[in-house]
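As a plain string of letters, each chain reads:
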Amino acid sequence: MTKILLACVGTALAISAQGLDPKTLVHPSADSWPTYNGDYSGKRFSFLRQINKSNVGMLSMAWAFQTDVNTGPGLKSTPLLVDGSLYFTEPDDVWSVDARSGQQNWHYHYHDNEGLHIGQRGLGMYKGHLYFETPDAHLLCLDARSGEVQWDKVLADVKQGYWATMAPLVIRNHVLVGVSGDFNDLHGFIDSLDAETGKLEWRWDALPKPGQPGSETWPANSDAIQHGGGMTWVTGTYDAESNLVYWGTANPNPVMDGSARPGDNLYTCSIVALNPDTGKLAWYFQPSPHDVHDWDAVQTPVIFDGDFHGQPRKLLIQASRNGYLFVLDRTTGKALLSAPYEETNWSSGVDAKGRPVGKTEKYPSPAGTLVEPDAIGATNWMAPSFDPNNGLLFVDTHQSFSLYYAYSTGKPEGFAGRDLTVWSRCYLRAIDYQTGKSRWEHDLGSGWDWSGVLSTAGDLVFSADVHGNVLALDAVTGKTLWHVYGGGPAQGPAITYEIDGRQYLVCGAHGVLYAFALPEGYVSDPLAAAAQAGSVSQRRLRKR
Amino acid sequence: MRTVLVIFLFVPVLLLAQDLDNVSPRQVDSSNVGAGKAQFQQTCGFCHGRDARGASGPDLIRSSLVSHDVNGNLIGPVVHKGRPEKGMPAFQLSDTQISNIAQYLHAQAKVAASVSQRIPSEYPVEKLLVGDAAAGQTYFNGHGNCFSCHSSTGDLAHIASKYKPFDLQTRIAFPSGLQPLLNVKDSSGQTFSGEQVYADEFLVTLRDKSNWVHTWKRNTVRVEVHDPLAAHEQLLKSYTDANLHDLFAYLETLR
């Protein structure tokens, strides 16, 4: 009995020691991936280099986890890794699996619901709590030990056409969440909820109220401003030093017919800087004023400190869906560079504020307008990666032509039009943030690629092609060094971590989560590897 | 797979409905919707717009209350009591009349949602016909260089009768469905020719003239690619909107 009691006490201690201390999110350890982007910066860059360009060709499967959810394109979520457990999602499902073996800890299944099941991008975590946005726009708090629901809050009304897909962002004890839904004319917002109780702390509305700053960019005496869109469906980034969160907002509504909403339509298609304690707007920059092509600006606003044209700067960069790279001073929101990183034909240049100027003749029309790129955009939700060692932003891009039609009769509502892609090809681009030009591009095939990118200090870039081949490329040259086909579309973004001295690469393909690693017992000599990168003779295999 | 098929079969029915008259009877009882439309336009249309998209009164397609209503259970009380503080009088309508109006509003919301999701396949040709057929013919035989591969009396004869106008226009922009032709020489020197079935960075697959399918690792063979759409790819990048609309107007005359 005493033994049992001791065992119980021991277990309880072990449990209470687990979970995620939000302070560690500022500098996560190598054996964790505790936020959607791995850290707050959005760089998706790992300093791990056990797997590097001299040995990546030896990567082999460490384990595979079958979700048995094989609908649609499969896994889109970025797993979290905390205390040796991975947590990842599908629209109605959450799993916890052991990061060393792929063995399931638990599985949570949400009830049937009418939300749009278009994807689920991951979780947020605070102490022992996981935060999960459901297709019908609820926020669930789950017990990370068991997957049991601790609370359930409604974020938005599914009946009106809202849904949710994004991974919440945890900052101290705040859980920041965004929502989706542009088939109907709704309004976007970011909510901050108390991590323990789920109580709403603040809401930032993407659409100003009549009379507030920004409202002058909407027509007066109409309901356009209340129904103007601006969803918030991709996780933002956070700078602890300035205590500002950076978040991209989505397109205005009605989407492809802007005739009922003349003006810039703030704060749609914008990058906004908010105080996470109050929700107060510090600054904004608008990549696509008065968008009519569905080119939202939700793409990850990546932050880093670096040299820009000879000056040390606090930077924010976004490869935006409209095909432009924006380099901003993140203390002010002022544009330092606005340059196309992919082919476009819709803009006549940029204005004094660095905002692209749209050609009205490239607006969607009843007869069809030929525009480059299509509405999926030059990139989309797929995560970019910034490699500080090489000064390169890696982006899955999409070169495409599309015919855009605006065909509403009467007052435009919802999409009020659509586009039809007639041609497309995908690339992984290594973009020099000083110019926006590609140092190299890697052809990913014809169609659409959604995989996202991870880069590492091993001079490696991980992504996938349109066929589902997971690729490891040389960060300097773009040359393929390793690939594997996982049996379906590879849209589950890759992460990496090191546990027990072994570096893992984890990514999703269709309904399977895969872990890859160097053969067990492999020991590399980092110095020799660095000196003789790529040389087979320097590889040493040793059994433990 | 069956689920996917069912979705594809159903979606066009749902999505092609541009106008209320085309809303599928599977979704709503069209006679009730028709009656609801007439009742709505007579009683409510003056303030809410004849199509319910708002006038001096609110847009009811975007209404939260309407989205939560089931067969008039929320709409009914508003109609019966009115909203005097907002200037809406009460209307004494029967339960059937309320139910019909509710069905009309739900059908209108469905139409708005369906238009949001897909371009109607029965796209009106008059919307597409904004170009100049004579200018299109000049482009075809001149700057566009179309005549070097196509002929209005040969492969394109009666082309406008073969394709729906919308499909014809998108095929002028870029025709899909033609696979590259491949010549593959393997390590023994044997050559294979046929239509590409699959190609990525690592593998190449073709179907030969005898209908056999062959796959090779790319780094073990030499592959020659003849893409019949290469010229169209160049053309796509040089088209102006006027070129495209003129060409469409011209090809639309080839009936």
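Please read these numbers as outputs of a predicted model, since none were measured by experiment.

Engineer: Tell me about the layout of surface pockets, residues and numbers included.
Structural biologist: Taken as a whole, the second largest pocket encloses approximately 1,100 Å³ of empty space. Arg425 and Ser446 of chain A together with Gln179, Pro180 and Gln196 of chain B are the residues nearest the centre of the second largest pocket, which is lined by 35 residues in total. Secondary-structure elements contributing two or more residues to the lining of the second largest pocket are β28 (417–432) and β29 (438–446) of chain A together with α10 (165–173) and β2 (191–199) of chain B. When residues in the lining of the second largest pocket are grouped by element, the largest group, 6 residues, is from β28 of chain A. Its residues placed into classes, the lining of the second largest pocket shows 16 nonpolar, 10 polar and 9 charged. Residue assignment places the lining of the second largest pocket across two domains, with domain 2 (125–176 + 231–251) and domain 3 (181–227) of chain B each supplying three or more.

Engineer: If you had to explain the environment of glycine 178 of chain A to someone new, which residues and values would you point to?
Structural biologist: Residues and elements named next belong to chain A. Topologically, glycine 178 is positioned in strand β12 (residues 174–178). Of the residues examined, glycine 178 reaches a relative accessible area of 0% and is grouped as buried. C-alpha separation for the pair glycine 178 and tyrosine 110, spaced 68 residues apart in sequence, amounts to 19 Å. Setting aside residues no more than four positions away along its own chain, glycine 178 makes contact with Glu133, Met166, Phe189, Thr232 and Trp247.

Engineer: A description of the pattern of salt bridges should follow, citing residues and the corresponding values.
Structural biologist: Tallied over the full model, the rule gives 33 salt bridges over all chains. We note a salt bridge from aspartate 474 of chain A to lysine 53 of chain A, for which the minimum N-O separation is 3.4 Å. Here aspartate 474 of chain A is found in strand β32 (residues 469–474), whereas its partner lysine 53 of chain A is found in the loop between β1 (45–46) and β2 (60–66), with 421 residues between them in sequence. The shortest N-O distance in the salt bridge between aspartate 329 of chain A and arginine 313 of chain A comes to 3.3 Å. Of this pair, aspartate 329 of chain A sits in strand β21 (residues 324–329) while arginine 313 of chain A sits in strand β20 (residues 311–319); the two residues are 16 residues apart in sequence, bridging distant segments of the chain. Because the salt bridges share partners, they merge into one network encompassing Asp185, Asp223, Lys411 and Glu413 of chain A together with Asp59 and Arg62 of chain B.

Engineer: Help me get a handle on empty space enclosed by the protein, residues and values and all.
Structural biologist: All names here are of chain A. Taken as a whole and judged by the stated rule, the model has 3 cavities of 30 Å³ or more. The calculated volume of the second largest cavity comes to roughly 70 Å³. Looking at the second largest cavity, the residues that line it are Ser451, Gly452, Phe462, Ser463, Ala464, Val470, Ala490, Gly492, Pro493, Ala494, Cys507 and Gly508. Looking at the lining of the second largest cavity, the elements that each hand over two or more residues are β31 (460–464), β34 (492–499) and β35 (502–509). Here the residues of the lining of the second largest cavity sort into 7 nonpolar, 5 polar and no charged.

Engineer: Describe unusual backbone geometry, naming the residues involved and giving the relevant values.
Structural biologist: All names here are of chain A. Following asparagine 253, the chain continues into proline 254 via a peptide bond in cis, with omega recorded as -10 degrees. Mapping proline 254 onto the fold places it in the loop between β16 (244–248) and β17 (271–274). Of note, the bond from glutamate 372 into proline 373 is cis; its omega dihedral lies within 30 degrees of zero at 5 degrees. With respect to the helices and strands, proline 373 occurs in the loop between β25 (369–371) and β26 (385–387).

Engineer: So what's going on with helix α2 (residues 30–43) of chain B? Which residues, and what values?
Structural biologist: Residues separated by three or four positions in an α-helix point in the same direction, a consequence of the helix having 3.6 residues per turn. All names here are of chain B. For α2, built from 14 residues, the straight-helix expectation of 20 Å at 1.5 Å per residue is met to within 8% by its first-to-last C-alpha distance of 19 Å. Regarding α2, the residues found buried are Val33, Gly36, Gln39, Phe40, Gln41 and Thr43. Looking at the buried side of α2, the elements it contacts are α3 (45–48) and α6 (95–117).

Engineer: Talk me through the side chain of serine 85 of chain A; I want residue IDs and the actual numbers.
Structural biologist: Residue and element names in this part refer to chain A. Relative to the helices and strands, serine 85 is located in strand β4 (residues 85–90). Since its relative accessible area comes to 15%, serine 85 is described here as buried. A distance of 3.3 Å separates polar atoms of two side chains, one belonging to serine 85 and the other to asparagine 105. Those residues in contact with serine 85 that lie beyond four places of it in its chain are Leu80, Ser96, Val97, Ala99 and Asn105.

Engineer: An account of the packing of α10 of chain B against helix α12 (residues 241–251) of chain B is needed here, citing residue identities and associated values.
Structural biologist: Two measures define how a pair of helices packs: the angle their axes make with one another and the distance between the axes. All names here are of chain B. Two numbers describe how α10 lies on α12: the axes approach to 10 Å, and their chain directions differ by 130 degrees. As far as their axial angle goes, α12 and α10 are oblique. As α10 runs across α12, the sense of the crossing is right-handed. Here α10 contributes Pro165, Leu168, Gln169, Ile172 and Ala173 to the contact with α12, which in turn contributes Leu244, His245, Leu247, Phe248 and Leu251. The class makeup of the residues in the contact of α10 with α12 is 8 nonpolar, 2 polar and no charged.

Parameters at a glance
- Residues numbered from 1 in each chain as written.
- Chains lettered and ligands numbered in written order.
- Predicted model: local features only at pLDDT ≥ 70, side-chain atom pairs only at ≥ 80, totals over all residues.
- Heavy atoms only, no water.
- 1 Å grid on protein atoms, 1.4 Å probe; cavity = no way out; pocket = protein on both sides within 12 Å on 5 of 7 lines; lining within 4 Å.
- Points joined across faces, edges and corners; volume = space filled by probe spheres on them.
- Helix = DSSP H or I, 4+ residues; strand = E, 2+ residues; numbered from the N terminus.
- Nonpolar A, V, L, I, M, F, W, Y, C, P; charged D, E, K, R; others polar.
- Domains from an automatic or database assignment.
- Buried < 20%, exposed > 50% of the residue type's maximum accessible area, 1.4 Å probe, protein only.
- Contact = heavy atoms within 4.5 Å.
- Salt bridge = Lys/Arg side-chain N within 4 Å of Asp/Glu carboxyl O.
- Expected span 1.5 Å × (residues − 1).
- Polar contact = N/O pair within 3.5 Å; in protein donor to acceptor, adjacent residues only side chain to side chain.
- Axes fitted to C-alpha atoms, helices over the stretch in contact; angles between N-to-C directions.
- Parallel < 35°, antiparallel > 145°, perpendicular 65-115°, else oblique.
- Left-handed = near helix turned anticlockwise from the far one by under 90°.

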